[in-house]
Amino acid sequence: MKALFIRVGVEIQRAGGPESATPPNGWIPLALAQQPAPYSFDSKLPEVGTTIFTVMSAMAAEEGALNLSQGFPDFDGPPELLERVQHYLTHGYNQYPPMAGVQGLREAVAGKVLDLYGLPADPETQITVTSGATEALFCAITAVVRPGDEVILFDPAYDSYEPGVRLSGGVARHVALEPPAYGVDWDQVRRAITPRTRLVIFNTPHNPTGTVWSRGDLRCLEALALEHGFHVLSDEVYEHIIFDGQAHQSVCRFPDLWRRSFVVSSFGKTYHTTGWKIGYCVAPEDLTAEFRKIHQFVTFTSNTPVQHGLADFLNAHPEHHLELGAFYQRKRDLFCALLEGSRFSLTPSAGTYFQLLGYKGISDERDSELAVRLTREAKIASIPVSIFYADGADHKMLRFCFCKDDRTLRQGAEILLGL
C-alpha cells in the first residue's frame, strides 16, 4: 500500500514505499498532519469581565427595578438637534466622512474651546471626532504608552482606563482618593512618580464621586508634568455639568500643560444622546498625529449625519451647553432634597450627574452585595463604588444617577426613604 505524504504549499502526493516509509525531506505523513494541534488561549485581560454598568442595567431590566445605575438620561435630546440629524439622514449624508471627523463639527468644537477656555485649537491638526469618549481614551493611551511604561490613575477610577493601559503593555499605579472629600493628595502623587511614569489619567468632574478639580489641582499637575516629562490624559466628558457657580478647570486653560496632553469630551453627555457615541479629542499637533494613527484602525470614522447635525446645533445653540450645569443642578437639588430624612448620608455632588450615598447607618454589607440586594428586593439599581478601586476598597458608598425625569427621581427617592 502506498503512503501519503503532505508538504505545506504543495498538494497531497503519493510517494512509493510501505506505510512505515520515511517521508521525503520536507514532507510529513498525511495522517500526522490531520491530527488536531493542541489548542490553548491566554486572555490579555484575564481578570476583566463584563462592565459593572452592563451588569447592573441588565439586572435592573430582569428584576423590573428602577435603573439609577448606568449613566444615561430617560429623556431625549433637544428637538432641534434631532431635526438636524434627521435632515442629514434623509438628504444624502450617509457615506464616509473624513477620518478626522466632519470639518464643520471640528470647526464648531474649535469655536467652543476658544470661547470657553481661550485655546485656539486648529480643527485641521488638533481636533479629532471619535466614536464616543471611550474610543478617544483608548486611542490616546495606545498612542503614548509602551511596554513597561507606568500610568498613574486616581481611584476610584473609571473602569475603561486600566484595560487600555494593560493592553498597551503598561503598568497602572493607583493613587487612592479618600472619602468624603475625594481630594487629591499631591504629595502622594509625587511619591507615585518614577522614571518610568509615562502618563497620568484623570477625570474632572469626576465619575463616580462627583468631585471637581480646582485651579490649584491643575497647577500642581502642571508643575509635576513639566518636572518629570510625562503626558496627561484629561477625561472631561462632564465639562458642562458643574454646579454652585464653579468654573470647569479644563486642561485647555493651561497652555504649558496642554502642550503634553490629550483632552477628551463627549457630545452624548452634553446633549442627552449617549447612544449616538460621538466624542472628540483636542491635543497638540504631534500628539494628534499619533492619536489619528490609532483612530484610523479602531473605528476610522464616526456616524456622518449625526456629526453634521451636531455641528449645526452647536453653532446655533451654544446656550444649551452654557445652561447645562443649571439644568442638572436643579435635578441634583431635587434628588438631595427628596432624600432628607433618609438613613443615607450625602454630600451634594459638585459636578457630573451622579450622587454618592453613604449607607453605614443602614447596613454593614459590602457595597457590591447591597447593590445587588437593593436591585432584587427594593427594585432600585445603583453602582457600588468599590468596583472602581484597584484594591476593592469598600467605603460603604453607592452611586446613583440623577439624569432622569423628575418623576423618576421622586420614585427613586421614595424607595430609598423606605430603607
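See the structure shown above.
About the criteria used
Residues numbered from 1 in each chain as written. Predicted model: local features only at pLDDT ≥ 70, side-chain atom pairs only at ≥ 80, totals over all residues. Heavy atoms only, no water. Salt bridge = Lys/Arg side-chain N within 4 Å of Asp/Glu carboxyl O. Helix = DSSP H or I, 4+ residues; strand = E, 2+ residues; numbered from the N terminus. Buried < 20%, exposed > 50% of the residue type's maximum accessible area, 1.4 Å probe, protein only. Pairing = 2+ DSSP bridges. Axes fitted to C-alpha atoms, helices over the stretch in contact; angles between N-to-C directions. Contact = heavy atoms within 4.5 Å. Patch = residues over 30% accessible without salt bridge, like charges linked within 9 Å, V, L, I, M, F, W, Y side chains within 5 Å. Areas by Shrake-Rupley, 256 points an atom, 1.4 Å probe, with all protein chains shown as cover. Lys, Arg positive; Asp, Glu negative; His and termini not counted. Charge placed at Lys NZ, Arg CZ, Asp CG, Glu CD.

Engineer: Explanation requested: the pattern of salt bridges in the structure shown.
Structural biologist: Should their charged atoms come close, side chains of opposite charge can pair. Here the structure, examined in full by the defined rule, presents 18 salt bridges. Put simply, Glu-63 and Arg-376 hold a salt bridge, and the shortest N to O gap is 3.9 Å. One end of the pair, Glu-63, is in helix α2 (residues 52-63); the other, Arg-376, is in helix α14 (residues 367-378), and 313 residues separate them in sequence. For Glu-63, a relative accessible area of 22% corresponds to the partly exposed category. Its salt-bridge partner being Arg-173, residue Glu-150 comes within 3.2 Å of it at the nearest N-O pair. Linking Glu-150 in strand β6 (residues 150-155) with Arg-173 in strand β7 (residues 171-176), this pair joins segments that are 23 residues apart in sequence. According to the relative accessible area criterion, Arg-173 is partly exposed, its value standing at 37%. Connected via shared salt-bridge partners are Glu-63, Arg-376 and Lys-379.

Engineer: Would you mind showing me how to read the sheet that holds strand β11 (residues 279-282) here?
Structural biologist: The strands making up a sheet are joined through hydrogen bonds of the backbone, oriented either antiparallel or parallel. The strand order across the open sheet built from 7 strands is β5-β11-β10-β9-β8-β6-β7, with neighbouring strands paired in mixed fashion. Looking along the sheet, the strands with just one partner apiece sit at the ends: β5 (127-130) and β7. Across this sheet, the average inter-strand angle for adjacent strands is 20 degrees, counted without regard to direction. Bridging between strand β9 (residues 231-235) and strand β10 (residues 261-266) involves 4 bridges; their strand directions are parallel. Paired with Leu-233 across the two strands is Phe-262, which belongs to β10. The sheet contacts of helix α11 (residues 285-298) involve β5, β9, β10 and β11, and relative to β5 the element is tilted by about 25 degrees.

Engineer: Help me out: how do you make sense of the environment of Lys-269 in this one?
Structural biologist: The topology assignment puts Lys-269 in helix α10 (residues 267-271). Put simply, Lys-269 and Ala-371 are 102 residues apart on the chain and 24 Å apart in space, counted from C-alpha to C-alpha. Beyond its immediate sequence surroundings of up to four residues, Lys-269 is in contact with Val-237, Tyr-238, Ile-241, Leu-324 and Tyr-353.

Engineer: Which parts of the structure should I look at to understand a negative patch on the surface?
Structural biologist: A grouping of Glu-107, Asp-122, Glu-124, Glu-285 and Asp-286 is seen on the molecular surface, where their side chains present a negatively charged patch. Within the fold, Glu-124 resides in the loop between α4 (103-117) and β5. Glu-124 sits in the partly exposed class, given a relative accessible area of 41%.

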